[in-house]
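Summary of the model geometry
Here is how the chains run, residue by residue.
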Amino acid sequence: MEESFSRFDDKTTHRYFVITHVDSNDDVLIVNRSTYHGFNSEETTCILQPGDHRSVERTSYIPYKRAKIEKYSRLPKERLERDVSLELYERMREGARNSAFIPHECYLFIMQH
């Protein structure tokens, strides 16, 4: 199981996923999820359905344009949970590699990790 976390006490909203293992600089790539409404502005590279993760209550997507490289040691350890299946982890990583919207530095990071 891989990790996800919430920046707030509510475990279903503002959910972030750690989609790389920590590197030698203490960096990881994180992405969040948003509810999918079918708008043209919503990326469809990685769509999540209820059941993909316990926090997904309705069809959602990963907005890779908001991907970030963060220091693993600065993530809220009290909220980190090993609750992401390997299948979902790999699907989110593949989406990051294929996204036309991911920031360039995040694209380079995922390609190296």
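In what follows, the structure referred to is the one given above.
Just so we're clear, the structure is a prediction, and the values are computed from it rather than from any experiment. (Residues numbered from 1 in each chain as written. Predicted model: local features only at pLDDT ≥ 70, side-chain atom pairs only at ≥ 80, totals over all residues. Heavy atoms only, no water.)

**What about the packing of helix H1 (residues 86-98) against helix H2 (residues 104-112)?**
- Running from amino to carboxyl end, H1 crosses H2 at an angle of 130°, the nearest separation of the two axes being 9 Å. Judged by the inter-axis angle, H1 sits oblique to H2. Note on packing geometry: the crossing formed by H1 with H2 is left-handed. In this structure, H1 contributes Arg93, Ala96 and Arg97 to the contact, and H2 contributes Tyr107, Ile110 and Met111.
- Its residues placed into classes, the contact of H1 with H2 shows four nonpolar, no polar and two charged. (Axes fitted to C-alpha atoms, helices over the stretch in contact; angles between N-to-C directions. Helix = DSSP H or I, 4+ residues; strand = E, 2+ residues; numbered from the N terminus. Parallel < 35°, antiparallel > 145°, perpendicular 65-115°, else oblique. Left-handed = near helix turned anticlockwise from the far one by under 90°. Contact = heavy atoms within 4.5 Å. Nonpolar A, V, L, I, M, F, W, Y, C, P; charged D, E, K, R; others polar.)

**A word on unusual backbone geometry**
- One non-glycine residue, Asp26, lies in the positive phi region at around 75°.
- With respect to the secondary-structure elements, Asp26 resides in the loop between strand S2 (15-18) and strand S3 (27-32).
- By relative accessible area, which is 22% here, Asp26 ends up partly exposed. (Buried < 20%, exposed > 50% of the residue type's maximum accessible area, 1.4 Å probe, protein only.)

**Points about H2**
- By the burial criterion, the buried members of H2 are Cys106, Phe109 and Ile110. Within H2, the buried residues cover an arc of 95° as seen down the axis, which keeps them to one side. Exposed positions of H2 whose direction lies more than 90 degrees from the buried face are His104 and Gln112.
- Those residues of H2 that are buried lie in contact with S3, strand S7 (68-71) and H1. (Arc of directions from axis to C-beta.)

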